[in-house]
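Residues per chain are reported as follows:
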Amino acid sequence: MDGAEQGGGEQAGPGGLLVVGDVVTDVVARHRGTPAGGTDTAASVRILPGGAGANVACWAARWGCRDVRMLGRVGADSAEWHARHLEEWGVRPRLVVDPGAPTGTVICLVDTDAGAERTFLTDSGASLLLDRSDWSDALLDGVGWLHLSGYLLFSEPSRGLVAAALSSARARGVPVSVDPASAGFLRELGVDRFLALVEGVDVLLPSRDEACLLTGLPDAADAAAELSRRVPLVVATSGAEGALVARSGAVDARIPAVAADARDTTGAGDAFTGAFLAALLSGAAPQDAATEGCRAGALAVAQVGGRPRRPEGP
């Protein structure tokens, strides 16, 4: 691997979860209504650790997965800060420190008058500079599941890493899941290209909008069912409508959402994914794992930021 590494030991028990993806700094600004142009808009602003991949890792640990590892790329400006926040959750960081690029930063604009919906302004920084040289087959030692953040597919360097990681996982019989991550970036990449890049994965975890975009179908259930003709298991999240579990071209289960007083929807999908994977690794059936995912999503939207709080257990 090029660059220095921040944190993380080498030994772990079997059956761990390795998450590969983005580690970024979130600047969360909660405001009411449309920001006023050319003047001030009052807001509550917090700086928090974030990144879809890192959020998933922390939620998986929060939901009882005892061996969670996180491979990402950060700048020297905040490498120790991010490693510390991952370690606080018991996540074992493998953070490659980029020699030139800063840690990625996302400005999250959260409208408290619109159901806490958010708009992202994204500077990916070092997070999408992970490349083939950052991958080693040894990263899968003791790993029972590999999860790849879809953000990795939106840059040329990290697509090389994805190809290497998928090849290693297939050779070892390690299941792989992918979340498409961003409907906006997905449109830029192209649906056909995305589907080709994730060919052979075991689980796809799109949002409703991403599932519809990937299939061209307007209905989330139809879209999830169609995607499950390509991927063995598709679990599509639909916000307040819960989640859909689809296999072999049909929806197997509709999982209701858990009611929550939404403060910030940032990271709700990451929470779902982390809890879902933790439950799946513990032996839960997909529909039961999706139920756990909905529970985690409800906790996520009721707080500010994409990471879990520190209660004793789920």
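Residues numbered from 1 in each chain as written. Predicted model: local features only at pLDDT ≥ 70, side-chain atom pairs only at ≥ 80, totals over all residues. Heavy atoms only, no water.

1. A word on the overall build of the protein
Here comes step 1: What the protein contains, in helices and strands, is 9 helices and 14 strands.
Here comes step 2: In terms of its C-alpha atoms, the protein occupies a principal-axis envelope of roughly 55 × 45 × 40 Å.
Here comes step 3: By element, 49% of the accessible surface of the protein is carried by carbon and sulfur atoms, the whole surface being about 12,900 Å².
Here comes step 4: Computing the positive centroid from 27 side-chain charges and the negative centroid from 39, the protein places the two 4 Å apart. (Helix = DSSP H or I, 4+ residues; strand = E, 2+ residues; numbered from the N terminus. Areas by Shrake-Rupley, 256 points an atom, 1.4 Å probe, with all protein chains shown as cover. Lys, Arg positive; Asp, Glu negative; His and termini not counted. Charge placed at Lys NZ, Arg CZ, Asp CG, Glu CD.)

2. A word on the layout of surface pockets
Here comes step 1: Taken as a whole, the second largest pocket encloses approximately 280 Å³ of empty space.
Here comes step 2: In this structure, the second largest pocket is lined by 15 residues; those nearest its centre are R46, L48, P49, R307 and P308.
Here comes step 3: Broken down by secondary-structure element, the contributors of at least two residues to the lining of the second largest pocket are β4 (43-50) and α2 (79-88).
Here comes step 4: Per-element accounting of the lining of the second largest pocket gives the leading share, 3 residues, to β4. (1 Å grid on protein atoms, 1.4 Å probe; cavity = no way out; pocket = protein on both sides within 12 Å on 5 of 7 lines; lining within 4 Å. Points joined across faces, edges and corners; volume = space filled by probe spheres on them.)

3. Some words on the nonpolar core
Here comes step 1: Ranked by internal contacts, the top residues of the largest apolar core, which has 44 residues, are L17, V68, M70, V91, V235, F272 and F276.
Here comes step 2: Once residues lying within four places of it in the same chain are set aside, the contact partners of V68 are L17, A57, A60, A61, G90, V91 and R92.
Here comes step 3: By size, the runner-up hydrophobic cluster in this structure holds 43 residues, among which are L128, L161, A165 and A224. (Core = buried A, V, L, I, M, F, W, Y, C linked by side-chain atoms within 4.5 Å. Buried < 20%, exposed > 50% of the residue type's maximum accessible area, 1.4 Å probe, protein only. Contact = heavy atoms within 4.5 Å.)

4. Some points on the packing of helix α1 (residues 52-62) against helix α8 (residues 268-281)
Here comes step 1: Running from N to C, α1 and α8 point in directions that differ by 45°, and their axes come no closer than 7 Å. In this view, α1 runs oblique relative to α8, as classed from their interaxial angle. Classified by chirality, the crossing of α8 by α1 is right-handed. Residues A52, N55, V56, W59 and A60 of α1 pack against D270, A271, T273, G274, A275, L277 and A278 of α8.
Here comes step 2: Partitioned by chemical class, the residues of the contact of α1 with α8 number 8 nonpolar, 3 polar and 1 charged. (Axes fitted to C-alpha atoms, helices over the stretch in contact; angles between N-to-C directions. Parallel < 35°, antiparallel > 145°, perpendicular 65-115°, else oblique. Left-handed = near helix turned anticlockwise from the far one by under 90°. Nonpolar A, V, L, I, M, F, W, Y, C, P; charged D, E, K, R; others polar.)

5. Re the environment of P308
Here comes step 1: As for its placement among the helices and strands, P308 is situated in the segment after α9 (286-301).
Here comes step 2: Judged by relative accessible area, which is 9%, P308 ranks as buried.
Here comes step 3: In sequence terms P308 and W89 are 219 residues apart; their C-alpha atoms lie 9.0 Å from each other.
Here comes step 4: Setting aside its immediate chain neighbours within four residues, P308 contacts C58, W59, R62, W89 and Q303.

6. Some thoughts on the pairing of strand β5 (residues 68-75)
Here comes step 1: Within β5, 8 of the 8 residues are buried, leaving the element largely enclosed by the surrounding structure.
Here comes step 2: As defined by bridge partners, strand β2 (residues 16-20) adjoins β5 across 4 bridges and the pair is classed as parallel. In the strand pairing of β5, V19 is matched with M70.
Here comes step 3: Here 8 bridges tie β5 to strand β6 (residues 91-98), and the two strands are oriented parallel to one another. (Pairing = 2+ DSSP bridges.)

7. Side note on unusual backbone geometry
Here comes step 1: Even without glycine at this site, A181 takes up a positive phi of about 85°.
Here comes step 2: By secondary structure assignment, the location of A181 is in the loop between β10 (176-179) and α4 (183-189).
Here comes step 3: Even without a glycine there, the phi angle at S248 is positive, about 50°.
Here comes step 4: Topologically, S248 is positioned in the loop between β13 (243-247) and β14 (250-255).

8. Quick look at α8
Here comes step 1: Relative to the 20 Å expected for 14 residues at 1.5 Å per residue, α8 spans 20 Å between its end C-alpha atoms, a close match to the ideal helical length.
Here comes step 2: Judged by how many residues are buried, α8 sits mostly within the fold: 12 of 14 residues are covered.
Here comes step 3: By the burial criterion, the buried members of α8 are A268, D270, A271, F272, T273, G274, A275, F276, L277, A278, A279 and L280. (Expected span 1.5 Å × (residues − 1).)

9. Things to note about the packing of α8 against α9
Here comes step 1: In contact at an axis separation of 7 Å, α8 and α9 are set at 145° when each is read in the N-to-C sense. Both α8 and α9 take part in a crossing whose hand is right-handed. Of the residues in α9, those touching α8 at A268, A271, F272, A275, F276, A279 and L280 are P286, A289, A290, E292, G293, C294, A296, G297, A300 and V301.
Here comes step 2: Here the contact of α8 with α9 is built from residues that sort into 14 nonpolar, 2 polar and 1 charged.

Purely spatial values, then, with no claim about function.
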